[in-house]
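Summary of structural features
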Amino acid sequence: MLDLLTVKQYCRVDYDDDDALLSLMLSAAIEELLDLIPGMNAAAMSARQKLLCLTVIKDLYDDRERDADSKKSAVDKDAMRQSVRSMLLREFLAGVTL
C-alpha cells in the first residue's frame, strides 16, 4: 500500500503543510481505482497500480491551482492523461474474466 511519504516524494513536496490534503487525495485515488479495477487489492497493489494512484494524486495536486493560460501545461496534462488511460485499461482488462 502507498503511504504519505511516497506520495510526497512523487509530488515533490518537502513540507508538511499539505499532508492532510495529500492524505485525502491518496484515499480518494485508491477508492477510485478500487471501483475501476476488478479484483484490485489496495493492500497489495501492483507497481502499475501504485504508479496509476500516484499519477492521479499528482494530477489532482497540481491542478488545485490551475494555470489556465499555460498551453504547454495543457499539452503535458493531456499526454499524461492518455498514459493513465492506457495503464488503467490494461489493468481493467487484466482483471476481467471472459
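In what follows, the accompanying structure is described. (Residues numbered from 1 in each chain as written. Predicted model: local features only at pLDDT ≥ 70, side-chain atom pairs only at ≥ 80, totals over all residues. Heavy atoms only, no water.)

With that settled, the discussion passes to unusual backbone geometry. Backbone geometry places R12, a non-glycine residue, at a positive phi of 60°. Taking relative accessible area as the criterion, R12 reaches 76% and is therefore assigned exposed. (Buried < 20%, exposed > 50% of the residue type's maximum accessible area, 1.4 Å probe, protein only.)

A few words on the pattern of salt bridges. Tallied over the entire structure, the rule returns 3 salt bridges. Among the ionic pairs, K8 bridges to D19, the shortest N-O distance being 2.9 Å. Here K8 is found in helix α1 (residues 4-11), whereas its partner D19 is found in helix α2 (residues 19-36), with 11 residues between them in sequence. Classification of K8 as buried rests on a relative accessible area of 10%. Here D19 falls in the buried class, since its relative accessible area comes to 19%. The salt bridge involving D62 is made with K58; its shortest N-O contact spans 2.8 Å. Here the residue D62 and the residue K58 both occupy positions in helix α3 (residues 47-63), the gap between them amounting to 4 residues, near one helical turn. Salt bridges sharing common partners tie together K8, D16 and D19. (Salt bridge = Lys/Arg side-chain N within 4 Å of Asp/Glu carboxyl O. Helix = DSSP H or I, 4+ residues; strand = E, 2+ residues; numbered from the N terminus.)

As a further point, take the packing of α1 against α2. Running from N to C, α1 and α2 cross one another at 100°; their axes reach a closest spacing of 10 Å. Judged by the inter-axis angle, α1 sits roughly perpendicular to α2. On α2, the residues touching L4, V7, K8 and C11 of α1 are D19, L22, S23 and L26. Taken together, the residues that form the contact of α1 with α2 break down as 5 nonpolar, 1 polar and 2 charged. (Axes fitted to C-alpha atoms, helices over the stretch in contact; angles between N-to-C directions. Parallel < 35°, antiparallel > 145°, perpendicular 65-115°, else oblique. Contact = heavy atoms within 4.5 Å. Nonpolar A, V, L, I, M, F, W, Y, C, P; charged D, E, K, R; others polar.)

Side chains of L89, F92 and L93 sit close together on the surface and give an oily, nonpolar patch of about 290 Å² of accessible area. Inspection of the secondary structure puts F92 in helix α4 (residues 71-95). Judged by its relative accessible area of 37%, F92 falls in the partly exposed class. (Patch = residues over 30% accessible without salt bridge, like charges linked within 9 Å, V, L, I, M, F, W, Y side chains within 5 Å. Areas by Shrake-Rupley, 256 points an atom, 1.4 Å probe, with all protein chains shown as cover.)

In this section: α1. Among the residues making up α1, those that are buried are V7, K8 and C11. Along the long axis of α1, the arc covered by the buried residues comes to 100°, so they all point the same way. Summarising the geometry of α1, the exposed residues directed more than 90 degrees from the buried face are L5 and Q9. The elements touched by buried residues of α1 are α2 and α3. (Arc of directions from axis to C-beta.)

The axes of two packed helices give the description: the angle between them and the distance between them. Closest axis-to-axis distance for the α2/α3 pair is 9 Å, and the angle between their directions is 130°. In terms of axis orientation, α2 runs oblique to α3. For the crossing formed where α2 meets α3, the hand is right-handed. In contact with L21, L22, M25, L26, A29, I30 and L33 of α2, α3 contributes Q49, L52, C53, V56, I57, L60 and Y61. Looking at the contact of α2 with α3, its residues break down into 13 nonpolar, 1 polar and no charged. (Left-handed = near helix turned anticlockwise from the far one by under 90°.)

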